[in-house]
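Residue-level structural notes
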Amino acid sequence: MQSTLTSALASQPQQTSRARKLQLLGILSGFTAGAWLGAAEAPTKLVSIGVSPLVISLIMVVGVFLARWSVPALILGTSSIRADVRRAPHLIIWAILAGCLWAVANTMTIFAIRDVGLSIAFPLWNSNSLLGILWGFLFFNELRQAGLRRWLGVLGGALVMCVGAALLAIASSSAAPVAHSYRGVWAALGAGVLWGTMYIPYRKAYLTGMNPLSFVTFFTFGELGMMSALAVSYLGLAPLWRQLQSARDVLFWLMLGGFIWVIGDLFQQYAAKYVGISRGIPLSNTNQLWGLLWGTLVFGELHGRGHSIYAQVIGGSLLMMAGVAAIAFSSATTSEQTRWKQAAHRESQRYNIAADYVEASMDGRQSASEAKPSRTAIDWLLVAAATAIFIYFGATARLPQIQLNWPAALALSAASLALLVLCGLTLHRTTRFH
Amino acid sequence: MPNETAPRQSTLACILTDIHFWVPLGVLIAGLLLLRSLS
């Protein structure tokens, strides 16, 4: 009894240090997600053709689908994905559900931008972080016993970020709001609610022990299925095919945008896993800041605009950074993490999942019963097929005739790559991508 | 280890009685209806 107590006391600082490491990893993942989700907008800016936004969205989702199968196969191997699914098969339903929610939300943003402009639409759907905080608190014990300081840090930080996002969106929007304003506002709010709710399946999967790399492979079936259904039902099969044919020259850029988006989303998944959705969503919402950097520095979007616009951009960026800092410094306390573990225990009991698997996964390590991930011929085949498809479309792509600030593009690409390497290595060293 | 002593519900029953399933599903259906009314 005494020796058990002694070993428990001895392991406590070790556990606290591990928990702190995972929190920092989650915060770093959130920042990296923001950079890559923002960079995903860059290839789409190269495309200025007269095809329906639904078609653009569908082609991006095809790029997403290819990336969601090839990247996990390359990092861990499909054997690891199969093992995860055997342990928690019920989560496939949540993954598909989350993919459907994403597709509907993404379509709504197209309507929102068309009807009220980006300046009103973006802050409205960015309110998804506030809904994420609510769902995290209600369903997954997030921010329980967190104390007033952390509540203020997370909620206050998310609110400050929303104000900052509004300022940035107003500054970056060139078009004045057009007709059907109520319809646009409803569409933007709807997108925010759908995206905020999409994080329920994310958090459920990671509390249950599923690896983010496994979750996204099934998520993408919902994403591609729903997006295809929406495109066919809104446009019709024949017009959809004609538009795809006419967009042949730019398919590569749109698919590349989808690929880059997946990199960002993978880090977003790790952020949701290690800091929870209440902190992970606002951190990855910094993508707006990165999108603005790409737009202004590389594509010269605000060139020649008045001083007040620049003041709005600087003010909005500072507010967003202040909000991010407030959230980053409000990491979960030991007592809050105990409540997360209670939520994980509830899931393992409900779905009869081995407790050691759930516990090991929450701790970012492999459980004793898990086989070491290994790659097979199928994985290399998946990677080769995805690469071949990208090379084919790359070879047929047309170079856009557009003025770019290449030094700025290289600097931003280098910064995003540096974050990718730093976060990827940290994830590998700390969790081996678990 | 999984709890093997208590009588267990089937996985389907667990899913259908899980609020984490109904909330996203309800939001998805509402979203599809909203999308239909917007277009």
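This structure is a prediction, so every number in the text was calculated from the model and none was measured.

When helices and strands are counted, chain B shows two helices and zero strands. By residue count, 15% of the 39 residues in chain B fall in the buried class.

Another point: unusual backbone geometry. In this structure, Asn141 of chain A is a non-glycine residue whose phi angle is positive, near 60°. Secondary-structure assignment places Asn141 of chain A in the loop between α7 (128-140) and α8 (147-172).

Contact with chain B, which involves 19 residues of that partner, is made by 28 residues of chain A. Contributions of two or more residues to the side of chain B that touches chain A are made by α1 (11-16) and α2 (19-38) of chain B. Considering each element in turn, the side of chain B that touches chain A owes the most residues, eleven residues, to α2 of chain B. A class-by-class count of the residues in the side of chain B that touches chain A yields 13 nonpolar, five polar and one charged.

Glancing now at the nonpolar core. Within the largest apolar cluster, 144 residues are counted, with the highest numbers of intra-cluster contacts made by Leu101, Val104, Ala112 and Leu194 of chain A. Sequence-distant contacts of Leu194 of chain A, that is, excluding residues within four places in its chain, are made with Leu101, Val104, Ala105 and Met108 of chain A together with Val27 and Gly31 of chain B.

Attention now moves to the environment of Leu124 of chain A. Residues and elements named next belong to chain A. In this fold, Leu124 is placed in helix α6 (residues 118-125). Separated by 65 residues in the primary sequence, Leu124 and Leu189 have C-alpha atoms spaced 5.6 Å apart. Look past the residues within four positions of Leu124 in its chain and what remains in contact with it is Val185, Ala188, Leu189 and Gly192.

This brings us to helix α16 (residues 334-350) of chain A. Between its first and last C-alpha atoms α16 of chain A spans 24 Å; for 17 residues at 1.5 Å apiece the expected length is 24 Å, and the two agree. Asn352 of chain A, located one to two residues past α16 of chain A, shows a positive phi value of around 55°.

All names here are of chain A. Look at α7 against helix α9 (residues 181-208): their axes get within 8 Å of each other, and the N-to-C directions meet at 40°. Between α7 and α9 lies a crossing whose hand is right-handed. For the pair formed by α7 and α9, the contact residues are Asn128, Leu131, Gly132, Trp135, Gly136, Phe139 and Phe140 on the first element and Gly192, Val193, Trp195, Gly196, Thr197, Tyr199, Ile200, Arg203 and Leu207 on the second. Here the residues of the contact of α7 with α9 sort into nine nonpolar, six polar and one charged.

Residues and elements named next belong to chain A. At a minimum axis separation of 10 Å, α16 and helix α17 (residues 355-362) run at an interaxial angle of 145°. Handedness of the crossing formed by α16 with α17: right-handed. Residues Lys341, Ala344 and Ser348 of α16 touch α17, and the partners they reach there are Ala355, Val358 and Met362. The residue inventory of the contact of α16 with α17, partitioned by class, reads four nonpolar, one polar and one charged.

Residue and element names in this part refer to chain A. Helix length check: helix α19 (residues 406-431) (26 residues) gives 36 Å between terminal C-alpha atoms against 38 Å at 1.5 Å per residue, within 8%. Here α19 has its buried residues at Leu412, Ser416, Leu419, Cys423, Leu427 and Thr431. Two residues or fewer after α19 comes Arg432, characterised by a positive phi angle close to 55°.

Calculation notes
- Residues numbered from 1 in each chain as written.
- Chains lettered and ligands numbered in written order.
- Predicted model: local features only at pLDDT ≥ 70, side-chain atom pairs only at ≥ 80, totals over all residues.
- Helix = DSSP H or I, 4+ residues; strand = E, 2+ residues; numbered from the N terminus.
- Buried ≥ 20, exposed ≤ 12 C-beta atoms within 10 Å, placed from the backbone.
- Contact = placed C-beta atoms within 7 Å.
- Nonpolar A, V, L, I, M, F, W, Y, C, P; charged D, E, K, R; others polar.
- Core = buried A, V, L, I, M, F, W, Y, C linked by C-beta atoms within 7 Å.
- Expected span 1.5 Å × (residues − 1).
- Axes fitted to C-alpha atoms, helices over the stretch in contact; angles between N-to-C directions.
- Left-handed = near helix turned anticlockwise from the far one by under 90°.

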